[in-house]
Amino acid sequence: AALPLACAVALAAILLCWILAHLAPAIMSPDANGYVVQARLLAEEGSTSFATESPVQYVGMHWLETERGVFHSRYPAGLPLLMAGAWKIGGLGAALTINPLLASATVFPVFLLARRFVGGIYALIAAAVVAAVPVTNQHALDADAHVAAAFFLVGGVLALLRFEDRVRGQTSGRDARATTVTGLLAGALLGTVPAIRYPEAIVGVTNAGWLFWRVRPLLQVWPAVAGAALPIGALGLHNAAAYGAFWKTGYTLTNEQ
């Protein structure tokens, strides 16, 4: 059992080294502009929007005018917040290492999740497939949100399964505290997914359905619900300030929502 685990850790480390060896510290797509400029604004100005200073100023295609001369990104601020923290430490180059770190980190929870169902060797194969898929590596090299969404989703599902295990097995006050912490973590990870990329909010439907179906007594679901409410609530407050209502997103402005 220890060998596949060690191999999964090594695989994640190898993937990180490979991605960093191919990483160019530059924004290479319009989507990345919608995230990285947000990260700079958060790091340097504490804002997710900007006002143009000239009628000929360049504005990326994913920056939408919410009031005269004021632009908000089409995309949510979850990934830019992570990048902004790195930006504070090491500037643009550090911000652009967030996706390589998340891509390599995703390999390990994929292994742990698969191991619950198919055993160590096959779980290692699942992790290796994720590491080797070209699309994974493409998005790891780009500064868009797909890798981050995958990391928080897989980690959240893994924590949610562990939460159910703890609810079923708790027999003491110490067990109850551990159950609460695990539930809060699961909810926070899964609640962060739509704050990373709006369309992935659809996974909340299946996750919530599973939670209310599997966890008994029903009142025990509260840590997961509370954990998810924190990032979702923050996202709703941002959207209300930026777009006029908590349920509106940047996609509303282009009739895509």
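Residues numbered from 1 in each chain as written. Predicted model: local features only at pLDDT ≥ 70, side-chain atom pairs only at ≥ 80, totals over all residues. Heavy atoms only, no water.

**Quick notes on the packing of helix H4 (residues 98–118) against helix H5 (residues 120–132)**
Now for step 1: In contact at an axis separation of 8 Å, H4 and H5 are set at 145° when each is read in the N-to-C sense. H5 is crossed by H4, and the crossing has right-handed handedness. The residues of H5 that touch H4, namely those facing Val107, Val110, Phe111, Ala114, Arg115 and Val118, are Gly120, Tyr122, Ala123, Leu124, Ala126, Ala127, Val130 and Ala131.
Now for step 2: By residue class, the composition of the contact of H4 with H5 is twelve nonpolar, one polar and one charged. (Axes fitted to C-alpha atoms, helices over the stretch in contact; angles between N-to-C directions. Helix = DSSP H or I, 4+ residues; strand = E, 2+ residues; numbered from the N terminus. Left-handed = near helix turned anticlockwise from the far one by under 90°. Contact = heavy atoms within 4.5 Å. Nonpolar A, V, L, I, M, F, W, Y, C, P; charged D, E, K, R; others polar.)

**As for helix H2 (residues 30–45)**
Now for step 1: With 16 residues, H2 extends 22 Å from end C-alpha to end C-alpha; this agrees with the ideal 22 Å at 1.5 Å per step.
Now for step 2: When we look at burial in H2, the residues that qualify are Ala32, Asn33, Gly34, Tyr35, Val36, Val37, Gln38, Ala39, Leu41, Leu42 and Ala43. (Expected span 1.5 Å × (residues − 1). Buried < 20%, exposed > 50% of the residue type's maximum accessible area, 1.4 Å probe, protein only.)

**Some thoughts on the pairing of strand S3 (residues 70–73)**
Now for step 1: Neither face of S3 is open: one carries Val70 and His72, the other Phe71 and Ser73, and all of them are buried.
Now for step 2: Note: strand S1 (residues 49–51) against S3, three bridges, orientation antiparallel. The residue bridging Ser49 from the neighbouring strand is His72, located in S3.
Now for step 3: The pairing of strand S2 (residues 63–67) with S3 spans four bridges and is classified as antiparallel. Bridge pairing links Trp63 to Ser73 in S3. (Pairing = 2+ DSSP bridges.)

**What to know about helix H10 (residues 222–243)**
Now for step 1: Between its first and last C-alpha, H10 extends 30 Å over 22 residues, near the 32 Å set by a 1.5 Å rise per residue.
Now for step 2: The sharpest bend along H10 reaches about 30° and sits at Leu230, with the proline Pro231 one to four residues further on.
Now for step 3: Taken as a whole, H10 has its buried residues at Pro223, Ala224, Gly227, Ala228, Pro231, Leu235, Gly236, His238, Asn239, Ala242 and Tyr243.
Now for step 4: Trailing H10 by a residue or two, Gly244 shows a phi angle of about 105°, which is positive. (Bend = angle between axes of the 7 residues up to and from the residue.)

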